[in-house]
Amino acid sequence: MEKGVTLDRALDLSLHSPLSKRTETLLLEAGRGRILAKSLTSKVDDPRFDNSAMDGFAVMASDCVNSGAELTIVGTSQTGGQLPPRIISGEACRIMTGAPLPEGADAIAMVEETEVDGDKVTINGPARTGYIRKRAENLSIGQEALPAGTHLSSASIALAGTMGHGEVEVIKKPRIAILSTGDELVQPGTELEPGQIYESNSHALASLVESMGCEAVRHESANDSMDELRTTLDSLSDCDAILTSGGVSMGEWDLVRKIMEEEGNISFWRMKLRPGGPPLFGTWKGTPLFGLPGNPVSSLVVFHVLVAPWISQSLGYHSEMGPRLSQRVSVKLEEDISGAPGKLCLRRIRIRSENGQLLATTHTHQGSGNMHSMVAHNGLTLLPPDTDGKAGEVIDAIWII
Ligand code: AMP
Ligand code: MG
């Protein structure tokens, strides 16, 4: 077991036991919100043929150099209809938006700039080549437009359809168990006895797990008892991973650490992070397990900086197009923010954009039990160990999306 590891080392070690990646094939309509397991290439050119971007007349640009040209209408090009007739100089073909361009035509006159009289049309405005959408100008057959690891948004689902895919192979949602531990915890909505507090971590962790494309299996919180922990962990070991919260510090009642030491397998314990120092990672009967801190802010912060990247890298999410919770940015501090001796310091900050620059301020106290600080702020500093941030300085930060 390694003790007191950096964030990078923690991620390295946890990736020795990655989430296992399985895939399934879904109808396109069921794919929204899922993550592509394999890159998708286009089965067609997009557009499939040169077509008009406007309702109007397909013409030869050379016939329409001067306003007022009179041309003979020789046919109509409709979407989904017969291929239109070829045109020659002096002729025009009625055309709908998206309909194929007749051979011979190289420009479109907008319907608003034409006047029709019987089979003649007068072209009053310019005829524009730019109103033609060229075959394959968006995508050509075989082109990869949706890389593996893409989070299927409504636009990417539509693009998969445009490319001719009626089914998509996606990553099967891993099942991630969430278990809070602590004798003091009761579920919100029930009466509190003296000494009890409301349990909140499992709610945050479940929603973070879902946002990362996995299925959260929330379990009732367990009491601080070795027997209860053992039975509960055993019952969860058919999940693909387990996240516990609480019970990983140095105290006598920190039984997640104790049971993992005695009966599980610990890869590392404690990280050089503030907040979020106590986590451990290991396996319980072969199932990867993160022992997250009990303090509510710490458990969330560790999820953001360690568990989310572990999920993402285990499953091969695309770094920009895959699911993610945050984005690395540079922010200018509007006040002094103190760092932490020997630890990467993740102070909560509120990031806002002003005059093209991201500015960061703090609004509440930074206690690791203060969940309000995670709501009143939308970012975390990445102050390196032993480094304070000074007002006016630009530092690295995480912007929580
Ligand atoms: P622990 O790491 O178990 O010592 O817990 C640290 C602090 O976080 C204690 O004040 C706990 O009461 C609190 N805590 C632990 N788990 C939770 C939870 N699931 N929800 C809310 N607070 C918690
Ligand atoms: Mg506890």
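Note that the structure is a prediction, hence the values are computed from the model and not measured.

Each helix and strand in the protein chain was counted, giving seven helices and 28 strands. In terms of overall dimensions, the protein chain is more spread out than a globule: its C-alpha atoms have a radius of gyration of 30 Å, far above the 21 Å expected for 401 residues. For the C-alpha atoms alone, the extent of the protein chain along its principal axes is close to 95 × 50 × 40 Å. The proportion of buried residues among the 401 residues of the protein chain is 48%. Taking all contacts inside the protein chain whose residues are at least 6 apart in sequence as the whole, residues at least 24 apart take part in 69%. Summed over all atoms, the accessible surface of the protein chain reaches about 18,500 Å², with 47% contributed by carbon and sulfur. The averaged location of the 51 negative side-chain charges in the protein chain is 4 Å from the averaged location of its 36 positive side-chain charges.

A word on the domain arrangement of the protein chain. According to the domain assignment, the protein chain contains domain 1 (2-21 + 173-315), domain 2 (23-45 + 143-171), domain 3 (51-133) and domain 4 (326-400). On a C-alpha basis, the centres of domain 3 and domain 4 stand 59 Å from each other.

By the secondary structure assignment, Met-226 is in helix 4 (residues 226-236). On a C-alpha basis, the gap between Met-226 and Leu-255 in space is 6.6 Å, while along the polypeptide they are 29 residues apart. Not counting the four nearest positions on each side in its chain, Met-226 is found in contact with Leu-255, Lys-258, Ile-259, Glu-262 and Glu-263.

In space, the seven strands of this open sheet follow the order 1-19-21-22-18-14-17, with mixed pairing throughout. Of all strands in the sheet, those with a lone pairing partner are strand 1 (2-5) and strand 17 (215-222), marking the two edges. Going from strand to strand, the sheet's axes swing by 20 degrees on average, the running direction of each strand aside. Pairing analysis gives four bridges linking strand 19 (residues 265-271) to strand 21 (residues 280-284), with the strands arranged antiparallel. For Asn-265, the partnering residue across the bridge sits in strand 21 and is Thr-283.

To continue, consider the packing of helix 3 (residues 201-211) against helix 6 (residues 296-315). Axis separation between helix 3 and helix 6 bottoms out at 10 Å; the angle between their running directions is 15 degrees. One element, helix 3, and the other, helix 6, form an angle in the roughly parallel class. Crossing geometry of helix 3 relative to helix 6 is assigned as right-handed. Residues Asn-201, Ala-204, Leu-205, Leu-208 and Val-209 of helix 3 lie in contact with helix 6, whose contacting residues are Pro-296, Ser-299, Leu-300, Phe-303 and His-304.

Their axes nearest at 10 Å, the elements helix 4 and helix 5 (residues 255-263) cross at an angle of 70 degrees. On the basis of their axis angle, the class for helix 4 and helix 5 is roughly perpendicular. With respect to the hand of their crossing, helix 4 and helix 5 are arranged in right-handed fashion. Here helix 4 contributes Met-226, Leu-229, Arg-230 and Leu-233 to the contact with helix 5, which in turn contributes Leu-255, Val-256, Lys-258, Ile-259, Glu-262 and Glu-263. A class-by-class count of the residues in the contact of helix 4 with helix 5 yields six nonpolar, no polar and four charged.

Next up on the list: the site of ligand 1. Of all residues adjacent to ligand 1, which total 15 residues, the nearest are Ser-180, Glu-184, Glu-199, Ser-200 and Gly-247. Separating an oxygen atom of ligand 1 from a backbone N or O atom of Asn-295 is a distance of 3.3 Å. Here the shell around ligand 1 is built from residues that sort into four nonpolar, eight polar and three charged.

It is worth spelling out the nonpolar core at this point. Of all hydrophobic cores here, the largest spans 47 residues; its most connected members are Leu-243, Phe-303, Leu-306, Trp-310 and Ile-311. Of all the elements in the fold, those that place two or more residues in this core are helix 1 (7-14), strand 14 (175-181), helix 3, strand 18 (241-245), strand 19, strand 22 (287-292) and helix 6. For this core, the leading source of residues is helix 6, giving 12 residues. Excluding residues that lie within four positions of it along the chain, Phe-303 makes contacts with Leu-205, Leu-208, Val-209, Met-212, Leu-243, Ala-308, Pro-309, Ile-311 and Leu-325. Ala-177, Cys-239, Ile-259 and Met-260 belong to the second largest nonpolar core, which has 20 residues in total.

On the surface, Glu-70, Glu-115, Asp-117 and Asp-119 cluster together into a patch of negative charge. On the secondary structure map, Glu-115 appears in strand 9 (residues 114-117).

Our focus in this paragraph is the packing of aromatic side chains. A full pass over the atoms with the stated rule returns four aromatic pairs. A centroid spacing of 6.2 Å and a plane angle of 25 degrees characterise the contact between Phe-268 and Phe-281, whose relative ring orientation is stacked. Remark: Phe-281 occurs in strand 21 and Phe-268 occurs in strand 19; sequence separation between them is 13 residues. Through a chain of ring-to-ring contacts, the aromatic side chains of Phe-268, Phe-281, Phe-290 and Trp-310 assemble into a single cluster. The side chain of Arg-270 reaches across the aromatic face of Trp-269, ending 5.6 Å from its centre.

The rules behind each value
Residues numbered from 1 in each chain as written. Chains lettered and ligands numbered in written order. Predicted model: local features only at pLDDT ≥ 70, side-chain atom pairs only at ≥ 80, totals over all residues. Heavy atoms only, no water. Helix = DSSP H or I, 4+ residues; strand = E, 2+ residues; numbered from the N terminus. Rg over C-alpha atoms; globule rule 2.2 N^0.38 Å. Buried < 20%, exposed > 50% of the residue type's maximum accessible area, 1.4 Å probe, protein only. Contact = heavy atoms within 4.5 Å. Areas by Shrake-Rupley, 256 points an atom, 1.4 Å probe, with all protein chains shown as cover. Lys, Arg positive; Asp, Glu negative; His and termini not counted. Charge placed at Lys NZ, Arg CZ, Asp CG, Glu CD. Domains from an automatic or database assignment. Pairing = 2+ DSSP bridges. Axes fitted to C-alpha atoms, helices over the stretch in contact; angles between N-to-C directions. Parallel < 35°, antiparallel > 145°, perpendicular 65-115°, else oblique. Left-handed = near helix turned anticlockwise from the far one by under 90°. Nonpolar A, V, L, I, M, F, W, Y, C, P; charged D, E, K, R; others polar. Near = heavy atom within 4 Å. Polar contact = N/O pair within 3.5 Å; in protein donor to acceptor, adjacent residues only side chain to side chain. Core = buried A, V, L, I, M, F, W, Y, C linked by side-chain atoms within 4.5 Å. Patch = residues over 30% accessible without salt bridge, like charges linked within 9 Å, V, L, I, M, F, W, Y side chains within 5 Å. Salt bridge = Lys/Arg side-chain N within 4 Å of Asp/Glu carboxyl O. Phe/Tyr/Trp six-rings, centres within 6.5 Å; stacked < 30°, edge-to-face > 60°. Lys NZ or Arg CZ within 6 Å of the ring centre and 35° of its normal.

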